[in-house]
Amino acid sequence: MAMATVTLPCPHPEQLQALKEARRFNVAECGRRWGKSMLGAYLTGRMILAGKPVGWFAPSYQLLLGPLDELRKMLAPMLARENKTERRIEFHGGGSLDCWTLDQPEAPAGRSRAYALVIIDEAALVRDLEKRWTASIRPTLTDYRGTAWFLSTPHGQNYFHQLWLLKEQGHEDWASWRFGS
């Protein structure tokens, strides 16, 4: 079998800063067009190339479609199997990607899964983010002692903002950044 070539996005200087300073839990509050989803795609690609499982969470199906299409294209040479109904992609080398929407509060997004990385895209727009994070998403990181990235534009003094403050409050597992567009 021929070697597959995958080209990951090239992080810009502010993204490189965040990658360098990253902790287990990371909160990036960035302007529109900063490249939050691109950073998430870069992190996802690296983890999948390492053969690990990734969970990508978005507030709605509409906000999931763009990143999912980009990830599918970017990682196409490694794609082994895809279940579009379950929004699950498995890759040669053992990596996998599960995509979840967080628009149904009663739906247990991610439950019973184990991830090395979770991306919560446009996290400030997730209704009941605190409940979704503590009850469903954070437990998925236990088996791998995985990392989480909350990526979003600002949206008021909500739970996303509270997460952003954790670094300032001295929580060593947390890192946060604020970048403009």
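Quantities reported herein were computed from a predicted structural model and do not represent experimental measurements. (Residues numbered from 1 in each chain as written. Predicted model: local features only at pLDDT ≥ 70, side-chain atom pairs only at ≥ 80, totals over all residues. Heavy atoms only, no water.)

A look at the environment of Trp174
So, point 1. With respect to the helices and strands, Trp174 occurs in strand E8 (residues 174-179).
So, point 2. Sequence separation of Trp174 and Trp149 is 25 residues, and the distance between their C-alpha atoms is 10.0 Å.
So, point 3. Setting aside its immediate chain neighbours within four residues, Trp174 contacts Arg23, Phe25, Val27, Trp133, Phe150, Leu163, Leu166 and Lys167. (Helix = DSSP H or I, 4+ residues; strand = E, 2+ residues; numbered from the N terminus. Contact = heavy atoms within 4.5 Å.)

Observations regarding the layout of surface pockets
So, point 1. Its boundaries defined by the atoms lining it, the largest pocket holds a volume of some 430 Å³.
So, point 2. Residue lining of the largest pocket: 18 residues in total, with Lys36, Ser37, Met38, Pro67 and Asp121 positioned closest to the centre.
So, point 3. For the lining of the largest pocket, the elements supplying multiple residues, two or more each, are helix H2 (36-49) and helix H3 (61-74).
So, point 4. Element by element, the count of residues in the lining of the largest pocket is highest for H3, at 7 residues.
So, point 5. Residue composition of the lining of the largest pocket, by class: 9 nonpolar, 4 polar and 5 charged.
So, point 6. Taken as a whole, the second largest pocket encloses approximately 170 Å³ of empty space. (1 Å grid on protein atoms, 1.4 Å probe; cavity = no way out; pocket = protein on both sides within 12 Å on 5 of 7 lines; lining within 4 Å. Points joined across faces, edges and corners; volume = space filled by probe spheres on them. Nonpolar A, V, L, I, M, F, W, Y, C, P; charged D, E, K, R; others polar.)

Regarding the sheet that holds strand E7 (residues 147-152)
So, point 1. The mixed open sheet is built from 8 strands, whose spatial order is E3-E4-E5-E2-E6-E7-E1-E8. Edge positions in the sheet fall to strand E3 (79-83) and E8, since each of these pairs with one other strand and no more. Going from strand to strand, the sheet's axes swing by 15° on average, the running direction of each strand aside.
So, point 2. Taken together, the 5 bridges between strand E6 (residues 117-121) and E7 define a ladder with parallel strand orientation. Across the sheet, residue Val118 finds its bridge partner in E7, namely Ala148.
So, point 3. Helix-sheet contacts for H3 involve strand E2 (53-58), E3, strand E4 (88-91), strand E5 (96-101) and E6, and the interaxial angle to E5 is about 165°. (Pairing = 2+ DSSP bridges. Axes fitted to C-alpha atoms, helices over the stretch in contact; angles between N-to-C directions.)

Describing the confidence of the model for the chain
So, point 1. Put simply, the chain has an average pLDDT of 92, and 97% of its residues get 70 or more.
So, point 2. The secondary structure element of the chain with the lowest average pLDDT is H3, at 92, and the one with the highest is E7, at 98. (pLDDT = per-residue confidence, 0-100.)

As for H2
So, point 1. In this model, H2 (14 residues) spans 20 Å end to end at C-alpha, consistent with the 20 Å of a helix rising 1.5 Å per residue.
So, point 2. Within H2 the residues assigned to the buried category are Lys36, Leu39, Gly40, Ala41, Tyr42, Leu43, Thr44, Gly45 and Ile48.
So, point 3. Gly51, located one to two residues past H2, shows a positive phi value of around 80°. (Expected span 1.5 Å × (residues − 1). Buried < 20%, exposed > 50% of the residue type's maximum accessible area, 1.4 Å probe, protein only.)

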